Amino acid sequence: MRNSLRPIPRCGRAAQGFTLLEIIVAFTLMALIIAVLLRVFSGGLQGISLAEDYARATSIAESAMARVGADIELKAGSKSGEVDDRYRWNVELRPYDPPVELQPGTTAPPVALPVVMWEVIVQVGWSEYGKERSAVLSTLRTGPRT
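Right, let's walk through the structure included here. Because the structure is predicted, anything quoted here is derived from the model rather than measured.

The grouping of Phe 18, Ile 23, Phe 27, Met 30, Ile 34 and Leu 38 at the surface amounts to a nonpolar patch, some 650 Å² of accessible area in total. Classification of Leu 38 by relative accessible area gives exposed; the value is 56%.

Take a look at the structure:
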């Protein structure tokens, strides 16, 4: 009867494991990849934060624009304020004269309208990471002729 419990021969280098140099290279590559991924995610988060700031500024501008004619009187001038100690808004009203030229070489006779048109410009500004940012909306409103 033969002994069936023979030792398994070792396969040279494969049984020795990794060298110190291989481990250092692997860790270096892993560190570089992690650094790049963190930078990508950080940039994405900053982009999301900036988009939220612009959305909030636009919302404030739309709210201020809706107040024109109600809380903000329709007369030439400007009014400003602050929201959340961060966003500064400014509403500027000025009379709007529509262009009289319809086609090149022709003009329309002046028409006296029972209303006055106002150009409404709302600017919302804020500071972020040392940079000044702003969002501007403009529209036309009509008001009674005084």
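Once the structure has been displayed, the description carries forward.
Attention now moves to the pairing of strand 2 (residues 87–95). Across seven bridges, the pairing between strand 1 (residues 77–83) and strand 2 is antiparallel. Across the sheet, residue Ser 80 finds its bridge partner in strand 2, namely Asn 90. Adjacent in sequence and paired antiparallel, strand 1 and strand 2 are bridged by three residues, among which Asp 84 carries a positive phi angle near 60°. Strand direction decides the pairing type here: strand 2 and strand 5 (residues 115–128), joined by eight bridges, are antiparallel.

Glancing now at the pattern of salt bridges. By the definition in use, this model includes seven salt bridges. The salt bridge involving Arg 56 is made with Asp 84; its shortest N-O contact spans 2.7 Å. Placement of Arg 56 in helix 1 (residues 20–67) and of Asp 84 in the loop between strand 1 and strand 2 is noted, with a sequence separation of 28 residues between them. By relative accessible area, which is 32% here, Arg 56 ends up partly exposed. When its relative accessible area of 53% is taken as the criterion, Asp 84 is described as exposed. Here Arg 94 ties to Glu 92 by a salt bridge, and the two come within 3.2 Å at their closest N and O atoms. The exposure class assigned to Arg 94 is partly exposed, which follows from its relative accessible area of 35%. Judged by its relative accessible area of 29%, Glu 92 is partly exposed. Linked through salt bridges whose partners overlap, the residues forming this network are Glu 92, Arg 94 and Glu 119.

Once that is clear, we can look at the packing of aromatic side chains. Taken as a whole and judged by the stated rule, the model has two aromatic pairs. Among the aromatic residues, those joined into a cluster by ring pairs are Tyr 54, Tyr 87 and Trp 126.

Reading the values: the criteria
Residues numbered from 1 in each chain as written. Predicted model: local features only at pLDDT ≥ 70, side-chain atom pairs only at ≥ 80, totals over all residues. Heavy atoms only, no water. Patch = residues over 30% accessible without salt bridge, like charges linked within 9 Å, V, L, I, M, F, W, Y side chains within 5 Å. Areas by Shrake-Rupley, 256 points an atom, 1.4 Å probe, with all protein chains shown as cover. Salt bridge = Lys/Arg side-chain N within 4 Å of Asp/Glu carboxyl O. Buried < 20%, exposed > 50% of the residue type's maximum accessible area, 1.4 Å probe, protein only. Pairing = 2+ DSSP bridges. Helix = DSSP H or I, 4+ residues; strand = E, 2+ residues; numbered from the N terminus. Phe/Tyr/Trp six-rings, centres within 6.5 Å; stacked < 30°, edge-to-face > 60°.

It is worth stressing that arrangement in space is one thing and function is another; only the former is reported here.
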